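Below are the chains, spelled out letter by letter.
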2 protein chains.
Amino acid sequence: MNGQTLRIRRVGIDTYRENVAYLHRDCPVVRAAGFQALSKVTVHANGTVINAVLNVVDDERIVPTCDLGLSEDAFARMNVPEGHAAEVAHAEPPASISSLHRKIGGERLARDEWIALIADVAQARYSKIELAAFVVATHQNELDRDEVLYLTEAMIAAGRRLDWGSQVRGGAVVDKHCIGGIPGNRTSMLVVPIVTAHGMLCPKTSSRAITSPAGTADTMEVLARVDLPFDRLAAIVRETSGCLAWGGGAELSPADDILISVERPLALDSPGQMVASILSKKIAAGSTHLVLDIPMGPSAKVRSMGQAQRLKKLFEYVATRLGLQLDAVITDGRQPIGRGIGPVLEARDVMMVLNNHPDAPHDLRQKALLLAGRMIEFDPDVRGGDGWRIARDILESGRALAQMNAIIDAQGRVTDPPSLGTLTHEVCSPQAAAVQAIDNLRLSRIARLAGAPLVPGAGVDLLAKVGDAVAAGQPLYRIHARFPADLGFATALAARDAGYALAAPVPGVGELPFGAA
Amino acid sequence: MNGQTLRIRRVGIDTYRENVAYLHRDCPVVRAAGFQALSKVTVHANGTVINAVLNVVDDERIVPTCDLGLSEDAFARMNVPEGHAAEVAHAEPPASISSLHRKIGGERLARDEWIALIADVAQARYSKIELAAFVVATHQNELDRDEVLYLTEAMIAAGRRLDWGSQVRGGAVVDKHCIGGIPGNRTSMLVVPIVTAHGMLCPKTSSRAITSPAGTADTMEVLARVDLPFDRLAAIVRETSGCLAWGGGAELSPADDILISVERPLALDSPGQMVASILSKKIAAGSTHLVLDIPMGPSAKVRSMGQAQRLKKLFEYVATRLGLQLDAVITDGRQPIGRGIGPVLEARDVMMVLNNHPDAPHDLRQKALLLAGRMIEFDPDVRGGDGWRIARDILESGRALAQMNAIIDAQGRVTDPPSLGTLTHEVCSPQAAAVQAIDNLRLSRIARLAGAPLVPGAGVDLLAKVGDAVAAGQPLYRIHARFPADLGFATALAARDAGYALAAPVPGVGELPFGAA
């Protein structure tokens, strides 16, 4: 390849999903080839080729003068031992870069361009800067629905695709997904036990939190092991019909993971990217039927019925063309669901519902039954409208709890579960009032600053919800933390704005009805 | 600041202009604060605050468990010794991030928004990902001319501004600039001696090549030292009225340097960003009068007269409002200027013109006289149209050469100049033909692969130019290199496409007139 040969050395730096190559400034290759910091280089070894961004190093302890250092991710991708010879050369831009430039120029890309571009993304041939350019370009020039379809297909094609070989209920593999943005919304941990108790196959993989105080994987981890090798997962699904595991290791739609790593810091979430991201992951995971939860509210991702309907139709268009049965449900997103925000608190809420505890959060229970019912109606033997009742019967009979315990035991029950953070601070109402609205984003940030999800017992416990009347000095919520600094951060943020909109109670009316705001 | 205190350690990694903080995965702060790879953090020490992107480290040799590692750039910015205590905390997004989101959303930003946004860019509060988003957003939503004006003002305000205190010719500080894209176009090294010989103040600072085979600073470095401290530069200008130095160290328009670090890898060059970049640097450098060279041709940056005129008017609009006298000249950009491409070869061409050598490249000489003449006409005592003749007289009399030698001696003459690369390959015409066009981009890439500018003696020497007739087997150009691998790269690229468009010569016509293609 006309490159220069060096020995590979692993550099213990986690650059997330960007390949970084470290070369010493005095390395003859650096001067001879004219490499500069942020140059893009290709590394060839043993038939594997990766692109990497170059960081120039001035310290022999990080990388000796004549070695080629690779960041953790790049080293793992090369898949050769330390000391193996590798060739370094100037990187040609990925072949699909002209499509990226056309997209930046506002043009529409054809199907084969999407396939090539996303394949290059999945192979880490794009730098973070180029990925950010792609994300902004597709955000600004809203993709038409066929482009969203091509993007979704391309994302599926760029990774592995699971086949559960299901013989159950006509080969159906059911799943549910929420577009996100609502803290405490842990319906998956109720829906999976209910629908698998009904006999459906529901191999649910979930994400960990990135910007939220808990993902389903974080909350499930309070109860059971979630980080399972794929073969073990498949065995659990054969045994229990379901699972509640972390999906990060399965290499499903890897291009999506890479794009998300730049979308998150930019807080960009365009409809096209959302649809492609969710549907590519679900189809790659082998799902055939999907109930989609689209929460709508003033601090949710979707803020108006018009926006919700447009998003729903885009999901339906792409899903239909890719052979996925989709039932999209627009739900109430005006406040967090349940009481707890943070892994331990959310796991508590889930187990209260499964135990049919009289104080279990009503809204979490109702929403889980709604979604489970819609999934059950994918069963050709169930009459339209009967799903909710079947789901309720499964829950009330204790079969959902038994099923959850079976899944927990199969994945590996946590013997010493993390405890609730003992440092607390209560945020109280300054006056007698009725709760009008609760800001999802604000409460998420407070729970995160308190330490969630990395400190599982940290978070926020909501003591009053929309429609509740509160007296002056009555607590609205309690912040839990493990470390004093975290409690300080979260308390300070809550002091600036507690995230509760309060209205004077109507004279003579003790309590406003739910949703009166 | 509620942050966590750690000791600063310098990590010898050059991340170019992105601040990177390195924390060990086992550092208690990482877990307690929930830092993850690519988190943005703030570092406070001794009253200085910087934002940095976090890389998580697994190797104590890079950063010990309880230290805070900083990349070279971040360490320099903090300006405290190693071992100094620093506080690390989650970074709030820069205050101007909402303006960035408005720009991504296609909105027009007001003057104060531009000032705040560019100040945050200059203070390195934006990550590479956010900078890429900014660059693409301003590229896609073409800035209106007032936004370009505000962006230019903001860039000037974010750095230092030089004042030459000139008493010469009414305080005029003259400069010339080319928008780039044409290899070999080293007119500055002719124009500066000519106009300073006329008595004008012309403190020319230039860039090094980033994507081209040579910048003026690279070529001048063949003859003299160009990396001079600012005080020394000022003394040279007082002494000789001019200089030909590298401008990179002066902290003029630092936001521009940061934006360029993401524009280059994306190969994005929108008119608004080009105008703001060039004019902010010139005005910050204290220029009062500027001749601007806009080359136009099929492989130049500007490819049509309409595009050239629109760009010219945008430059004029912004320059006028910022009090800069601007004379924009649209020039012939259909092929490289002069014969040599690469530092040593270009320096040879320049010295041949200054020495009035009969074989000096005619086109380089003519273009330098044109531009110098326009600059001389900024002199209120010179009649319109007389500039070219005055410039020619200065050149032919040897005064320009004497002035160049004075500048070279003042900056520090190179006693042992680099020699031309001795490894050569000639690219020949496959048939008898006339040269119709020469691809600027192709020839630049061939010269770069040959080793320019890092190997000063590498490059391409053009032996036939547009309009010349060549026999079958007659060389079109000669590639010079120092290293066999470089010669191999460059030769291989030239074999794929030599960059010359050839046409059968018209029968009976020995040679086509210049420009007949």
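This one's a predicted model, so the numbers in the text were calculated from it and none came from an experiment.

Quick notes on the rules
- Residues numbered from 1 in each chain as written.
- Chains lettered and ligands numbered in written order.
- Predicted model: local features only at pLDDT ≥ 70, side-chain atom pairs only at ≥ 80, totals over all residues.
- Helix = DSSP H or I, 4+ residues; strand = E, 2+ residues; numbered from the N terminus.
- Rg over C-alpha atoms; globule rule 2.2 N^0.38 Å.
- Buried ≥ 20, exposed ≤ 12 C-beta atoms within 10 Å, placed from the backbone.
- Contact = placed C-beta atoms within 7 Å.
- Least-squares fit on C-alpha atoms with pLDDT ≥ 70 in both.
- Pairing = 2+ DSSP bridges.
- Axes fitted to C-alpha atoms, helices over the stretch in contact; angles between N-to-C directions.
- Nonpolar A, V, L, I, M, F, W, Y, C, P; charged D, E, K, R; others polar.
- Parallel < 35°, antiparallel > 145°, perpendicular 65-115°, else oblique.
- Left-handed = near helix turned anticlockwise from the far one by under 90°.
- Arc of directions from axis to C-beta.
- pLDDT = per-residue confidence, 0-100.
- Expected span 1.5 Å × (residues − 1).

Caption draft 1: Summary view of the overall build of chain A. If you tally the helices and strands in chain A, you get 18 helices and 19 strands. The C-alpha radius of gyration computed for chain A amounts to 25 Å, which stays within 12% of the reference 24 Å derived for 517 residues, consistent with globular compactness. The principal-axis extent of the C-alpha atoms belonging to chain A is close to 85 × 55 × 50 Å. Relative to its full complement of 517 residues, chain A shows a buried share of 56%. Pairs at least 24 residues apart make up 80% of the contacts formed inside chain A by residues separated by at least 6 positions.

Caption draft 2: How the structure looks around the relation of the copies chain B and chain A. Expressed as a screw operation, the relation of chain B to chain A combines 0.0 Å of axial shift with a rotation of 180°, fitting to an RMSD of 0.1 Å. Here the transformation between the copies is reduced to the relation of a two-fold axis. Of all interface residues in chain B, 98% are interface residues in chain A too; the two copies therefore contact each other through one and the same surface.

Caption draft 3: Spotlight on the sheet that holds strand 16 (residues 459-462) of chain A. Residue and element names in this part refer to chain A. In space, the 4 strands of this open sheet follow the order 13-16-18-14, with antiparallel pairing throughout. The sheet is open, and its two borders are formed by strand 13 (340-341) and strand 14 (423-428), each paired with just one other strand. The pairing of strand 14 with strand 18 (residues 475-481) spans 6 bridges and is classified as antiparallel. Bridge pairing links His425 to Ile479 in strand 18. Relative to strand 18, helix 18 (residues 484-496) is tilted by about 155°, and along the sheet it contacts strand 14 and strand 18.

Caption draft 4: Structural context of the interface of chain B and chain A. In this assembly, 42 residues from chain B lie in contact with 42 residues from chain A. Counting residues per element, the side of chain B that touches chain A draws most heavily on helix 5 (residues 128-140) of chain B, at 9 residues. Along the lines of polarity and charge, the residues of the side of chain B that touches chain A split into 22 nonpolar, 12 polar and 8 charged. Inspection of the sheet shows strand 5 (residues 48-57) of chain A paired to strand 2 (residues 13-14) of chain B by 2 bridges, in the antiparallel sense. Bridging across to strand 2 of chain B, Val57 of chain A finds its partner in Ile13 of chain B.

Caption draft 5: The arrangement of the pairing of strand 16 (residues 459-462) of chain B in detail. Residue and element names in this part refer to chain B. Side-chain alternation along strand 16 places Gly459 and Asp461 on one buried face and Val460 and Leu462 on a second face that is also buried. Relative to strand 16, strand 13 (residues 340-341) is paired through 2 bridges, and the arrangement is antiparallel. Looking at strand 16, one finds that Gly340 is bridged to Asp461. Pairing of strand 16 with strand 18 (residues 475-481) involves 4 bridges; the strand directions are antiparallel.

Caption draft 6: Region of the structure containing the packing of helix 5 (residues 128-140) of chain A against helix 5 of chain B. Running from amino to carboxyl end, helix 5 of chain A crosses helix 5 of chain B at an angle of 45°, the nearest separation of the two axes being 8 Å. One way to sum up the angle between helix 5 of chain A and helix 5 of chain B is to call them oblique. For the pair helix 5 of chain A and helix 5 of chain B, the sense of crossing is right-handed. From helix 5 of chain A, Lys128, Ile129, Ala132, Ala133, Val136, Ala137 and Gln140 of chain A reach across to helix 5 of chain B, where they touch Lys128, Ile129, Ala132, Ala133, Val136, Ala137 and Gln140 of chain B.

Caption draft 7: Structural detail: helix 3 (residues 97-104) of chain A. Those residues of helix 3 of chain A that fall on the buried side of the exposure criterion are Ser99, Leu100, Lys103 and Ile104 of chain A. Viewed end-on, helix 3 of chain A has its buried residues packed into an arc of 145°, placing them on one side of the element. Elements in contact with the buried residues of helix 3 of chain A: helix 4 (111-122) and helix 5 of chain A together with helix 5 of chain B. Count one or two residues on from helix 3 of chain A and you reach Gly106 of chain A, which has phi positive near 90°.

Caption draft 8: Looking closely at the environment of Pro484 of chain B. Within the secondary structure, Pro484 of chain B is located in helix 18 (residues 484-496). Residues Pro484 of chain B and Ala450 of chain B, 34 residues apart in the sequence, show an inter-C-alpha distance of 9.2 Å.

Caption draft 9: Representation of the confidence of the model for chain A in the model. Residue and element names in this part refer to chain A. Chain-level statistics for chain A give a pLDDT mean of 90 and a share of 94% at 70 or above. Ignoring residues within four places in sequence, the model shows residues 509-517, a span with pLDDT below 50, making 16 contacts including any to other chains. Reported confidences for the modelled complex are a pTM of 0.82 and an ipTM of 0.79.

Caption draft 10: Representation of the sheet that holds strand 19 (residues 500-503) of chain B. Residue and element names in this part refer to chain B. Read from one edge to the other, the open sheet built from 3 strands follows the order 17-15-19, with strand pairing classed as antiparallel. Looking at strand neighbours, the two that pair on one side only are strand 17 (469-470) and strand 19, the edges of this open sheet. Bridging between strand 15 (residues 433-438) and strand 17 involves 2 bridges; their strand directions are antiparallel. Directly across from Ala434, in strand 17, lies its bridge partner Ala469.

Caption draft 11: Quick peek at unusual backbone geometry. At the junction of Ala452 of chain A and Pro453 of chain A, the peptide bond is cis and its omega measures out at 0° in the coordinates. Locating Pro453 of chain A in the fold gives a position in the loop between helix 17 (440-449) and strand 16. In this model, Asn46 of chain A sits at a positive phi of 55°, which is unusual for a non-glycine residue. Inspection of the secondary structure puts Asn46 of chain A in the loop between strand 4 (40-45) and strand 5. On the basis of neighbour counts, which here come to 13 C-beta atoms within 10 Å, the residue Asn46 of chain A falls in the partly exposed class. Phi is positive for Asn356 of chain B, which is not a glycine, with a value near 50°. Relative to the assigned elements, Asn356 of chain B resides in the loop between helix 13 (343-354) and helix 14 (362-376). When the 14 C-beta atoms within 10 Å are taken as the criterion, Asn356 of chain B is described as partly exposed.

Caption draft 12: Structural context of the environment of Asp146 of chain B. Within the element layout of this structure, Asp146 of chain B appears in helix 6 (residues 145-157). Overall, the presence of 15 C-beta atoms within 10 Å leaves Asp146 of chain B in the partly exposed class.

Caption draft 13: Local environment of the environment of Ser99 of chain A. All names here are of chain A. With respect to the helices and strands, Ser99 occurs in helix 3. Counting along the chain gives 51 residues from Ser99 to Thr48, while the straight-line C-alpha distance between them is 25 Å. Not counting the four nearest positions on each side in its chain, Ser99 is found in contact with Leu109, Glu113, Ala116 and Leu117.

Caption draft 14: Representation of helix 12 (residues 305-321) of chain B. With 17 residues, helix 12 of chain B ought to run about 24 Å at 1.5 Å a step, and its terminal C-alpha atoms sit 24 Å apart, in line with that. Looking at the buried side of helix 12 of chain B, the elements it contacts are helix 6, helix 11 (271-284), strand 11 (289-296) and strand 12 (325-332) of chain B.

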